[in-house]
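Chain and residue survey
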Amino acid sequence: MKGMRYNHQELQELRRLVLMERDILPLDQRIKKLRDEIRMRLRHVRALKAKGHPTHHSTRVLRLLCRTLAVERTYRKVMLKKVIDGSRSVG
């Protein structure tokens, strides 16, 4: 049985997919966890506010999580651009 042969374009696509899985997938998972955490914190702040408790500390934590999410999204965008540009320069 003959081995499977890939043409140049198929190999580039495979490289790009592997790089995306290796570099982008962990970022997507962290972004998803951050979004879930933000949602949970928002519910918590609303509950505190409804009970009349101070929300200063929780609001600061929420702002920090939002900033972290923005940084993670920016980093993901840069890494995705790097993967796409890298796959173009290989060929």
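Cut-offs applied
Each chain carries its own residue numbering, running from 1 in the direction its sequence is written. Local features in this predicted model are restricted to residues whose pLDDT is 70 or higher, and side-chain atom pairs enter the listing and the counts only when it is 80 or higher, whereas totals over whole chains, interfaces and linings include all residues. To obtain the side-chain values, all non-hydrogen atoms of the structure were included, while hydrogens and water were left out. Secondary structure follows DSSP: runs of H or I at least 4 residues long count as helices, runs of E at least 2 residues long count as strands, and numbering of each begins at the N terminus. The globule rule used for comparison is 2.2 Å times the number of residues to the exponent 0.38, while the radius of gyration itself is calculated over C-alpha atoms. Three exposure classes are used, based on accessible area relative to the maximum for each residue type with a 1.4 Å probe and protein chains only: buried under 20%, partly exposed in between, and exposed over 50%. Buried Ala, Val, Leu, Ile, Met, Phe, Trp, Tyr and Cys residues form a nonpolar core when they are joined through side-chain atoms within 4.5 Å. In a helix, the anticipated span is given by 1.5 Å times the number of residues less one. By definition, a residue's bend is the angle between the axes fitted to the seven residues ending there and the seven starting there. In the analysis that follows, any N or O atom pair within 3.5 Å is treated as a polar contact, provided that within protein one partner can donate a hydrogen and the other can accept it, and provided that, for residues neighboring in sequence, both atoms belong to side chains.

Here the focus is the overall build of the protein chain. For the protein chain, the count of helices and strands is two helices and zero strands. Here the C-alpha atoms of the protein chain give a radius of gyration of 21 Å, more than 25% beyond the 12 Å that 2.2 N^0.38 yields for 91 residues. For the protein chain, the spread of C-alpha atoms along the principal axes amounts to about 70 × 30 × 10 Å. Counting all 91 residues of the protein chain, 20% fall into the buried class.

Turning to the nonpolar core, a few remarks are in order. I31, L34, I38, L62, L65 and L69 form the largest nonpolar core, which has six residues in total. Every element with two or more residues in this core is listed here: α1 (8–51) and α2 (56–90).

The terminal C-alpha atoms of α1 lie 63 Å apart, and with 44 residues this matches the ideal 64 Å at 1.5 Å per residue to within 8%. When the local axis directions of α1 are compared, the greatest deviation, roughly 40°, occurs at I24, which is followed within four positions by the proline P26. Among all positions in α1, only Q12, D23, I24, L27, I31, L34, I38, V45 and L48 are buried. Capping the start of α1 is the job of one residue whose side-chain oxygen sits 2.8 Å from the backbone nitrogen of E10: N7. G52 sits one or two residues past α1 and shows a positive phi near 85°.

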